[in-house]
Amino acid sequence: MRVFNRVVMTLLLAGLFVLGMLLVVYSVPWFGYRISELPQMLQLRPLYGGLEGLISAAEASRLPALAVAALVLVALVGLILFVAELKPPRPRRVRMERGTYIARPAVASEVAAAAESVQAVLGSSVKVKARRRPGALVRLEAHVRRGEDPGPLREEIRRAVQAHLARRGIPLGRLRLKIVESDPRQTRTRVK
């Protein structure tokens, strides 16, 4: 969305610059042009005719259904882009308690180290999303041997991650934990 906004704003500002320069050239008598000649030079008469026809049809309530649908679609797209522009971007770093920040990969490595410190965990994969308030949204996928009981193991992993992050001073917003039964030959840590 950021690239799209930059392209649109660049085109809009370039158009405004060109329009401003044309108005300066045509409004100052030094160049020998008159502002009444500007629509003829830009060949805007067909555009004026089309807009006049659309406005007169709208005033007389004779717009075709396709034109009404197109106008509604343009209004909805404009509203969606306006709301998307007003929404602040997602933060890139995880906010800590007192205005300090930590990078998401650092949080991910701490969570992975905490999860893999549990004896039954063979490996893990972590995804971290930053929030506007302190803490991070963490998705942890812990790989365990087939046949392990996931109930007590889930709580043990959760406690280990929360305790490790608390010791490091990293606030945890929410932890989504998924336990995946894996073959030890297919994980990073094969034997524990």
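Quick note: structure is the one above.
Criteria and cut-off values
- Residues numbered from 1 in each chain as written.
- Predicted model: local features only at pLDDT ≥ 70, side-chain atom pairs only at ≥ 80, totals over all residues.
- Heavy atoms only, no water.
- Helix = DSSP H or I, 4+ residues; strand = E, 2+ residues; numbered from the N terminus.
- Rg over C-alpha atoms; globule rule 2.2 N^0.38 Å.
- Buried < 20%, exposed > 50% of the residue type's maximum accessible area, 1.4 Å probe, protein only.
- Contact = heavy atoms within 4.5 Å.
- Areas by Shrake-Rupley, 256 points an atom, 1.4 Å probe, with all protein chains shown as cover.
- Expected span 1.5 Å × (residues − 1).
- Salt bridge = Lys/Arg side-chain N within 4 Å of Asp/Glu carboxyl O.
- Core = buried A, V, L, I, M, F, W, Y, C linked by side-chain atoms within 4.5 Å.
- Pairing = 2+ DSSP bridges.
- Axes fitted to C-alpha atoms, helices over the stretch in contact; angles between N-to-C directions.

Engineer: Where do I start with the overall build of the protein chain in this structure?
Structural biologist: For the protein chain, the helix and strand inventory stands at six helices and five strands. Along its sequence from the N terminus, the protein chain presents helices and strands in the succession α-α-α-α-β-β-α-β-β-α-β. Rg of the C-alpha trace for the protein chain: 30 Å, well past the compact-globule value of 16 Å for 192 residues, more than 25% over. With the principal axes as the frame, the protein chain shows a C-alpha extent of 85 × 45 × 30 Å. For the protein chain, with 192 residues in total, the buried portion stands at 24%. Counting only contacts in the protein chain whose residues sit at least 6 apart along the sequence, the fraction spanning at least 24 positions is 58%. Approximately 13900 Å² of the protein chain is accessible, and the part contributed by carbon and sulfur atoms is 62%.

Engineer: Before we go on, may I ask you to explain helix H5 (residues 104–116) in this structure?
Structural biologist: Given a rise of 1.5 Å per residue, 13 residues ought to cover 18 Å, and the 18 Å separating the end C-alpha atoms of H5 matches this to within 8%. If you check which residues of H5 are buried, you get Val107, Ala108, Glu110, Val111, Ala112, Ala114 and Ala115. In this fold, the buried residues of H5 make contact with strand S1 (93–95), strand S2 (101–103), strand S3 (121–130), strand S4 (136–145) and helix H6 (150–168).

Engineer: Is there a simple way to think about the pattern of salt bridges in this case?
Structural biologist: Between side chains of opposite charge, a pair can form when the charged atoms approach closely. In this structure the tally under the stated criterion is one salt bridge. A salt bridge links Arg168 to Glu110; its shortest N-O distance comes to 3.2 Å. Of this pair, Arg168 sits in helix H6 while Glu110 sits in helix H5, and the two are 58 residues apart along the sequence.

Engineer: Would you mind showing me how to read the nonpolar core here?
Structural biologist: Across soluble globular proteins, nonpolar side chains show a tendency to be buried alongside one another. Core analysis: the largest hydrophobic core is formed by 28 residues, its most contacted members being Val111, Val126, Val128, Leu140, Ile157 and Val161. Mapped by element, the contributors of at least two residues to this core are H5, S3, S4, H6 and strand S5 (174–182). Among the elements that line this core, the one with the most residues is H5, at six residues.

Engineer: Explain the pairing of S3 to me, please; I cannot follow it from the model alone.
Structural biologist: Put simply, side chains in a regular strand alternate between the two faces of the sheet. Judged by how many residues are buried, S3 sits mostly within the fold: seven of ten residues are covered. Alignment of S3 against S4, held across nine bridges, turns out to be antiparallel. Bridging from a neighbouring strand, Ala130 pairs with Ala136 of S4. Turn length for the S3-S4 hairpin, with the two strands adjacent in sequence and antiparallel, is five residues, and the turn residue Gly135 shows positive phi of about 110 degrees.

Engineer: Looking at this model, I keep getting lost on the environment of Val25. Mind explaining?
Structural biologist: Considering the arrangement of structural elements, one finds Val25 in helix H1 (residues 2–27). Residue classification places Val25 among the partly exposed positions, given a relative accessible area of 24%. As a C-alpha pair, Val25 and Ile102 span 77 residues in sequence and 54 Å in three-dimensional space. When neighbours within four sequence positions are excluded, Val25 is seen to be in contact with Phe31 and Tyr33.

Engineer: Got a minute to help me understand the sheet that holds S5 in this structure?
Structural biologist: Strand pairing in a sheet relies on backbone hydrogen bonds. The paired strands run either parallel or antiparallel. If you trace the three strands from one edge of the open sheet to the other, you get S3-S4-S5, paired in mixed fashion. The sheet is open, and its two edges are formed by S3 and S5, each paired on a single side. Neighbour-to-neighbour, the strand axes of the sheet open up by a mean angle of 15 degrees, direction not taken into account. Where S4 and S5 come together, nine bridges link them in parallel fashion. Bridge pairing links Arg145 to Ser182 in S5.

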